[in-house]
Amino acid sequence: MTRKERNPKVKKVVAAVMAFMLLCIPAAVFAASSFTLQLSVKEALRGGSITLSGTTPGQADQVVVKVVSPAQTVFYIDVLTADGGAYTKRLAIPASQVLAPSGSYTVIAGSGGTTLTQTFTIPGGEEPGGGEPGTGTPTPAPTPTPSSTPVPTSTPNPSLPGGTGGIPASPAADVIPAGAGSASGAIVKPEAVEGGRYLVGADTLTQAMQQAAGSITLELPATAGETDVTLELPGKSMELMNTGNTALVLTDGVRTISFPAGAIKLSGDDQTRLRITFNAVWNDEAGALVTRAAGGDAAYAPTGVMISLTIESVNGSNTAGIHQLGQQAQVSLKLTPAQQAAINTELAGIYYLNGSSAEYMPGSIKGGTVTFKTGHFSTYALLVYDKSFTDLSGHWAEPAVKRLAAKHLVNGVDAEHYEPGRGITRAEFVALLMRAVERTGSVPSMVAPAPFSDVPSSSYYAQQAAEAAAMGIMNGYDGAFRPGDRITREEAAVALVHAAKHFSLPAGSQSNPAYADAQQISSWAAASVAEAGVSGLMQGDGTKFQPKKQVTRAEVAAMVSRLVQSGSSL
């Protein structure tokens with residue numbers, strides 16, 4: 001094995017030692033004549049590049065190259081391997097003045113205990129520094145800021161509201177120091193660098209993995225949510241976490257995103273990085289995005305709560321977005337007391353803002369925390385959906401209909417009318433009830449086709465009828481479903497009680513009702529009618545249950561609203 005083929009782990013160790021030497025080497029060290037450093041230009045322009053090159057005594061010597069910015073922060077660092085006694089590296093200069101401020105930059109090269117320096121300038125309003133290109137002469141190295149991380153930061157990306165779309169691909173972003181960040185058990189605090197950028201190194205993650213009991217938590221500071229944040233970690237570390245069945249949790253104390261093992265799948269070499277960029281700042285651009293997604297529907301109202309996330313695999317100048325997750329991630333957002341007071345949580349829900357549409361995402365609001373799951377990331381916002389119908393104004397069922405409309409479980413017969421007194425068919429009832437049950441995640445992924453002779457496979461309720469039959473929630477009559485029949489109160493009671501098993505309902509607190517018309521209740525429905533009364537899912541008129549009476553659209557809204565526990569289930 002040649003020195004050029006040295007094991008990557010050895011190379012990392014060498015890099016760490018040499019980087020430390022660059023920080024600590026005394027000014028009295030002088031260069032050997034065979035170790036040189038040259039710069040291709042004296043003045044580098046933003047958007048252009050500068051080439052660092054030189055010679056080494058050995059054919060394959062390692063050279064640590066570091067560039068210090070005018071603010072004495074690390075602009076770039078890398079470990080180069082000489083080829084035939086010569087080394088070279090082209091360094092791209094970001095086009096942004098924020099990323100590449102005007103002034104004098106110091107290039108420090110170290111190899112074999114010898115340090116050389118050169119300077120170049122990026123022109124602007126500041127006094128340019130000196131330094132001539134050519135063979136470097138031994139000079140005392142300036143005391144650099146103790147850091148080994150590159151400076152380039154996020155640049156605006158108009159696809160995100162006020163967000164960042166990532167970091168410009170440049171050699172300066174290629175290296176994540178192995179020791180970046182700090183680990184305490186399975187809790188990791190990433191290392192902050194300029195521009196809202198955070199890094200976690202391979203050694204730090206390895207240390208956390210040794211202590212992890214199923215997950216590693218990366219804790220960003222509480223102020224991270226006040227601006228755009230970009231987190232980077234080695235792709236190989238993410239692969240190791242997946243192999244070890246270790247979940248990744250990202251949190252700033254207000255927003256928490258939990259990625260199960262295997263949710264983010266990466267492949268690549270040691271230079272591949274995982275970049276996660278998120279933004280939670282509500283601004284005019286976010287408001288405009290919500291307005292476009294609402295499509296002019298006045299029932300939607302913003303709350304000022306949003307989160308935008310992008311996930312990318314980065315290798316050199318190649319960046320690939322990771323849009324679909326291998327497993328669903330769970331997101332939780334804590335509301336402030338002021339937000340809780342201002343938001344009608346019974347009518348609020350999380351929406352995926354997909355360009356010109358808002359897609360409802362089932363979840364929950366409990367104790368001031370919004371929680372939902374997603375298999376892909378983009379921009380999500382907490383919106384209030386307050387739908388009104390002209391024929392429900394002041395009606396006793398209006399609150400229940402509003403709650404279900406906000407959960408996108410019921411619709412009107414048209415944009416303005418609900419028709420609360422109209423009866424509901426068995427087909428309409430099974431479609432509504434099973435939409436609610438599907439939100440619990442308890443419906444089997446595969447069910448047999450509807451086992452009813454009168455349910456065409458093309459009907460809008462066929463899937464729900466099949467699910468209801470497979471789960472024992474609704475059955476037919478001698479092989480028929482009777483989809484066009486109006487559902488009766490005793491039929492609804494049986495279906496509700498069976499469906500309630502899939503919801504986290506509190507224990508029934510009502511007394512066992514004694515209905516005057518109990519003898520009219522069918523024997524197959526008697527137990528369910530009693531249980532529906534005890535649990536509060538259904539109520540009579542005070543004396544009678546009226547088992548054969550048709551259920552109205554107003555009544556079914558009240559029943560399903562009690563089932564999904566308004567205020568707790570989105």
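Fair warning: this is a prediction, and the values are worked out from it, not measured in the lab.

Draft legend 1. Quick look at the sheet that holds strand 23 (residues 369–376). Taking strand neighbours across the sheet as the criterion, the eight strands line up as 8-9-12-14-15-19-23-22 in an open arrangement whose pairing is mixed. The strands lining the two open edges of the sheet, one partner per strand, are strand 8 (182–184) and strand 22 (363–366). Ignoring strand direction, the axes of neighbouring strands in this sheet form an average angle of 20°. For strand 22 and strand 23, the ladder comprises four bridges, and the chain directions are antiparallel. Across the sheet, Ser-364 pairs through a bridge with Thr-371, a residue of strand 23.

Draft legend 2. Quick look at the environment of Ser-445. Counting through the fold element by element, Ser-445 comes out in the loop between helix 7 (426–438) and helix 8 (462–470). When its relative accessible area of 74% is taken as the criterion, Ser-445 is described as exposed. Each C-alpha atom, one on Ser-445 and one on Glu-467, is 9.6 Å from the other, the two residues being 22 residues apart in sequence.

Draft legend 3. The sheet that holds strand 2 (residues 49–55), seen in detail. One open sheet accounts for three strands, arranged 1-2-5; its pairing is antiparallel. A strand with exactly one partner marks an edge of an open sheet, and here the two such strands are strand 1 (38–39) and strand 5 (86–92). Direction of pairing for strand 2 relative to strand 5: antiparallel, over a ladder of seven bridges. Counterpart to Thr-55 in the pairing with strand 5 is Ala-86.

Draft legend 4. Structural view of the pairing of strand 7 (residues 114–122). Counting buried positions along strand 7 gives nine out of nine residues, so the element sits mostly inside the fold. Burial along strand 7 is two-sided: Thr-114, Leu-116, Gln-118, Phe-120 and Ile-122 facing one way and Thr-115, Thr-117, Thr-119 and Thr-121 facing the other are all buried. As defined by bridge partners, strand 6 (residues 103–111) adjoins strand 7 across nine bridges and the pair is classed as antiparallel. Within strand 7, the residue paired with Ile-108 across the bridge is Thr-117. The antiparallel pairing of strand 6 with strand 7 creates a hairpin that spans two residues between the two strands, and Gly-112 there sits at a positive phi of about 60°.

Draft legend 5. View of the packing of helix 7 against helix 8. Contact pair helix 7 / helix 8: the axes reach a minimum separation of 9 Å and the direction vectors enclose 65°. As summarised for this structure, helix 7 and helix 8 are arranged roughly perpendicular, according to the angle between their axes. In the crossing of helix 7 with helix 8, the sense of the turn from one axis to the other is left-handed. Here helix 7 contributes Val-430, Ala-431, Met-434 and Glu-438 to the contact with helix 8, which in turn contributes Gln-464, Ala-465, Glu-467 and Ala-468. For the contact of helix 7 with helix 8, the class distribution of residues is five nonpolar, one polar and two charged.

Draft legend 6. Main features of unusual backbone geometry. Positive phi outside glycine occurs at Asp-478, with the angle close to 50°. Counting through the fold element by element, Asp-478 comes out in the loop between helix 8 and helix 9 (489–500). Given a relative accessible area of 85%, Asp-478 falls into the exposed group. Non-glycine residue Gln-546 carries a positive phi angle of around 55°. Note on placement: Gln-546 falls in the loop between helix 10 (523–535) and helix 11 (553–563).

How each quantity is defined
Residues numbered from 1 in each chain as written. Predicted model: local features only at pLDDT ≥ 70, side-chain atom pairs only at ≥ 80, totals over all residues. Heavy atoms only, no water. Pairing = 2+ DSSP bridges. Helix = DSSP H or I, 4+ residues; strand = E, 2+ residues; numbered from the N terminus. Axes fitted to C-alpha atoms, helices over the stretch in contact; angles between N-to-C directions. Buried < 20%, exposed > 50% of the residue type's maximum accessible area, 1.4 Å probe, protein only. Parallel < 35°, antiparallel > 145°, perpendicular 65-115°, else oblique. Left-handed = near helix turned anticlockwise from the far one by under 90°. Contact = heavy atoms within 4.5 Å. Nonpolar A, V, L, I, M, F, W, Y, C, P; charged D, E, K, R; others polar.

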